[in-house]
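# A look at the structure
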Amino acid sequence: MRQKIVAGNWKMNTLIEEGAALAKNIADRINEVPSDVQLILAPPFTHLDRVNGIIKGTAAALSAQNCADKDKGAYTGEVSAAMLASTGCKYVILGHSERREYYHETSATLNDKMALALANGLKPIFCVGEKLEEREAGRHFEVVGAQIREVIFNLSPEQLAQVVIAYEPVWAIGTGKTATSAQAQEIHAFIRKTLAEKYGALSEEISILYGGSCKPSNARELFAQKDIDGGLIGGASLKADDFIAIAQSY
Ligand code: 13P
């Protein structure tokens, strides 16, 4: 059985008190979430320690949104995987399209980040997804396949077993346009097939999340698809009611 996951990527939103209140609201209602769904909160770096204190001892897990591609030392402004683990993070989102696009993250950088995250006991939530023009040109399988091969294929099977994959079509992020459940299922199945080429049956164990304008009104249909194991939620994760309702959509 694959782990069902609903993860909230808060992105660069909430001041510390707002973030703490949101985490508290979610923690107080955690028993409304089915016990087989792993809830994950990914607040900004500045909130991690505080949110960890709020959700510690509950079934929710803490994630960061990024980590450095270096181990430690003179890299002003960076936050290492070891630092994240020391704040209580169990997960780290890597390769989000916003980081690829605005901060020029490449597969080479992501290989280093993945290795450091795994070496520090963090489970990477590795994001892939095509841009609108790539989908319109019919290149989405090629693009997503390359994103998987260039990074994931460097992992040992033991390492892959620690990884969660998130498919987030860039054209669906924050736009209100969701991939149809059929479009999402098609590419999730493709991702699993690609993983199977190298890792065989292990591909069946890997959770693949959908992200991109996922909300209470469409989560149920998306999560009903065979190869969709949950969601990576942006905007709707900033409202406890919506986030919990999404987690109840299985
Ligand atoms: P939205 O849910 O706001 O579209 O964001 C999705 C996302 O990028 C999650 O990482």
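Right, let's walk through the structure included here. (Residues numbered from 1 in each chain as written. Predicted model: local features only at pLDDT ≥ 70, side-chain atom pairs only at ≥ 80, totals over all residues. Heavy atoms only, no water.)

Next up on the list: the sheet that holds strand S1 (residues 4-9). Read once around its circumference, the closed barrel built from 8 strands follows the order S1-S2-S3-S4-S5-S6-S7-S8, with strand pairing classed as parallel. Neighbouring strand axes in the sheet, compared pairwise and without regard to direction, differ in orientation by 25 degrees on average. The pairing of strand S3 (residues 61-64) with strand S4 (residues 91-94) spans 2 bridges and is parallel. Its bridge partner lying in S4, Ser63 is registered against Tyr91. (Pairing = 2+ DSSP bridges. Helix = DSSP H or I, 4+ residues; strand = E, 2+ residues; numbered from the N terminus. Axes fitted to C-alpha atoms, helices over the stretch in contact; angles between N-to-C directions.)

So, on to the site of the ligand. Surveying the vicinity of the ligand reveals the residues Asn9, Lys11, His96, Glu168, Ala172, Ile173, Gly174, Gly212, Ser213, Leu232, Gly234 and Gly235. A distance of 2.9 Å separates an oxygen atom of the ligand from a polar atom in the backbone of Gly234. A distance of 2.8 Å separates an oxygen atom of the ligand from a polar backbone atom of Gly235. For the ligand, the accessible surface in isolation is 310 Å², of which the surrounding protein chains cover 94%. Residues belonging to the shell around the ligand are distributed by class as follows: 3 nonpolar, 7 polar and 2 charged. (Near = heavy atom within 4 Å. Polar contact = N/O pair within 3.5 Å; in protein donor to acceptor, adjacent residues only side chain to side chain. Areas by Shrake-Rupley, 256 points an atom, 1.4 Å probe, with all protein chains shown as cover. Nonpolar A, V, L, I, M, F, W, Y, C, P; charged D, E, K, R; others polar.)

Turning our eyes to something else, we now look at the state of the cysteines. The final tally for this structure, using the stated rule, is 0 disulfides. Cys89 forms no disulfide, and the closest cysteine sulfur to it belongs to Cys67, at a distance of 9.8 Å. Left unpaired, Cys214 is separated from the closest cysteine sulfur, that of Cys127, by 14 Å. The exposure class assigned to Cys214 is buried, which follows from its relative accessible area of 5%. (Disulfide = S-S within 2.5 Å. Buried < 20%, exposed > 50% of the residue type's maximum accessible area, 1.4 Å probe, protein only.)

What follows concerns the pattern of salt bridges. Under the definition given, this model contains 20 salt bridges. A salt bridge links Glu32 to Arg29; its shortest N-O distance comes to 3.0 Å. Two residues, Glu101 and Lys131, come together in a salt bridge whose shortest N-O distance is 3.5 Å. In this pair, Glu101 is assigned in helix H4 (residues 97-102) and Lys131 in the loop between strand S5 (123-128) and helix H6 (132-136), connecting sequence segments 30 residues apart. Relative accessible area serves as the criterion here: at 32%, Lys131 is assigned to the partly exposed category. Residues joined in a network through salt bridges with shared partners are Arg2, Arg192, Glu204, Lys226, Asp227 and Asp229. (Salt bridge = Lys/Arg side-chain N within 4 Å of Asp/Glu carboxyl O.)

With that out of the way, let us pick up the nonpolar core. Counting residues in hydrophobic clusters, the biggest one holds 66 residues, and the most contacted among them are Val6, Leu39, Ile148, Ile152, Ile165, Ile191 and Tyr210. In terms of residue count, the dominant contributor to this core is helix H9 (residues 181-199) (6 residues). Beyond its immediate chain neighbours, meaning those up to four positions away, Tyr210 contacts Tyr167, Pro169, Ala172, Thr178, Ala179, Ala184, His188, Leu222, Ile228, Gly230, Gly231 and Leu232. Ile5, Ile125, Cys127 and Val164 belong to the second largest nonpolar core, which has 13 residues in total. (Core = buried A, V, L, I, M, F, W, Y, C linked by side-chain atoms within 4.5 Å. Contact = heavy atoms within 4.5 Å.)

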